[in-house]
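Coordinate inspection notes
One letter stands for each residue in the lines below.
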Amino acid sequence: MSATLNQVVNDFFKAVSVKDDVVLGRKLLRLQTFGVERAFLYLHRHPGEASVLFDHQHESDLFGMLKERLNENVRAFIKQADEHDDDQTVALAEQQAFVVQGVLGLISAWVQDGMKENAVAMTDDLHQLLKHEDQHMAVIQYFNTEKINDHS
């Protein structure tokens, strides 16, 4: 069973991964990011997987695996951050905890509500939450809110 659960999580992250140019401090890097719109589209197209990945209790093995994988990916992402970036207003570990919980919480609420909003609207909402101009958090850049053209 564990191999099957692992495959569901792997399929999800494969579908949402995006290589992107990211500015971290004074560094311009080409890094793996999380395509937010891709995630909403994937979950909308795979409602069975969506309901299992984001179940009501948030305590399922699959949700735990999903959360841990997202945290691993964000940790790998922020290791690339410029250690001399003095513009950080919040410590990277705190950013990670807040943003990962928030992103997973928003996606989970959307799934539990029947995925009524479309992927573009949800991506816009998450973009507004993540890109608030009063904060500077490197972790936010891991969640790529760029639009994609292929919605087939």
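Now for a look at the structure at hand.

**A word on the overall build of the protein**
- Within the protein, the secondary structure is distributed over 6 helices and 3 strands.
- Walking the protein from its N terminus toward its C terminus, one meets helices and strands in the order α-β-β-α-α-α-α-α-β.
- A buried classification covers 39% of the 152 residues belonging to the protein.
- A sequence separation of at least 24 residues applies to 70% of the contacts in the protein between residues at least 6 apart.
- Per element, the accessible surface of the protein, about 8,600 Å² overall, is 50% carbon and sulfur.

**Some points on unusual backbone geometry**
- Non-glycine residue Met 115 carries a positive phi angle of around 50 degrees.
- Mapped onto the elements, Met 115 comes out in the loop between helix 5 (92-112) and helix 6 (119-130).

**Regarding the nonpolar core**
- Residues Phe 12, Phe 34, Leu 43, Leu 53, Phe 54, Leu 70 and Phe 143 are the most contacted members of the largest nonpolar core, which totals 42 residues.
- Excluding anything up to four places from it in sequence, Leu 43 contacts Phe 12, Ala 50, Leu 53, Phe 54, Ile 107, Trp 110, Val 111 and Met 115.

**Structural notes on the pattern of salt bridges**
- Counting across every chain of the model gives 4 salt bridges.
- Where Lys 116 meets Asp 113, a salt bridge forms, and the shortest distance between an N and an O atom there is 3.6 Å.
- Residue Lys 116 is classed as exposed on the basis of its relative accessible area, which comes to 65%.
- Judged by relative accessible area, which is 46%, Asp 113 ranks as partly exposed.

**Here's the deal with helix 4 (residues 61-78)**
- In a regular helix each residue adds 1.5 Å, so 18 residues correspond to 26 Å; helix 4 covers 26 Å between its end C-alpha atoms and thus fits that length.
- Regarding helix 4, the residues found buried are Leu 62, Phe 63, Leu 66, Leu 70, Asn 71, Val 74, Phe 77 and Ile 78.

**Things to note about the environment of Val 139**
- Residue position: Val 139 is located in the loop between helix 6 and strand 3 (143-144).
- Overall, the relative accessible area of 0% leaves Val 139 in the buried class.
- In this structure, the C-alpha to C-alpha distance between Val 139 and Arg 75, residues 64 residues apart in sequence, is 8.9 Å.

Quick notes on the rules
Residues numbered from 1 in each chain as written. Predicted model: local features only at pLDDT ≥ 70, side-chain atom pairs only at ≥ 80, totals over all residues. Heavy atoms only, no water. Helix = DSSP H or I, 4+ residues; strand = E, 2+ residues; numbered from the N terminus. Buried < 20%, exposed > 50% of the residue type's maximum accessible area, 1.4 Å probe, protein only. Contact = heavy atoms within 4.5 Å. Areas by Shrake-Rupley, 256 points an atom, 1.4 Å probe, with all protein chains shown as cover. Core = buried A, V, L, I, M, F, W, Y, C linked by side-chain atoms within 4.5 Å. Salt bridge = Lys/Arg side-chain N within 4 Å of Asp/Glu carboxyl O. Expected span 1.5 Å × (residues − 1).

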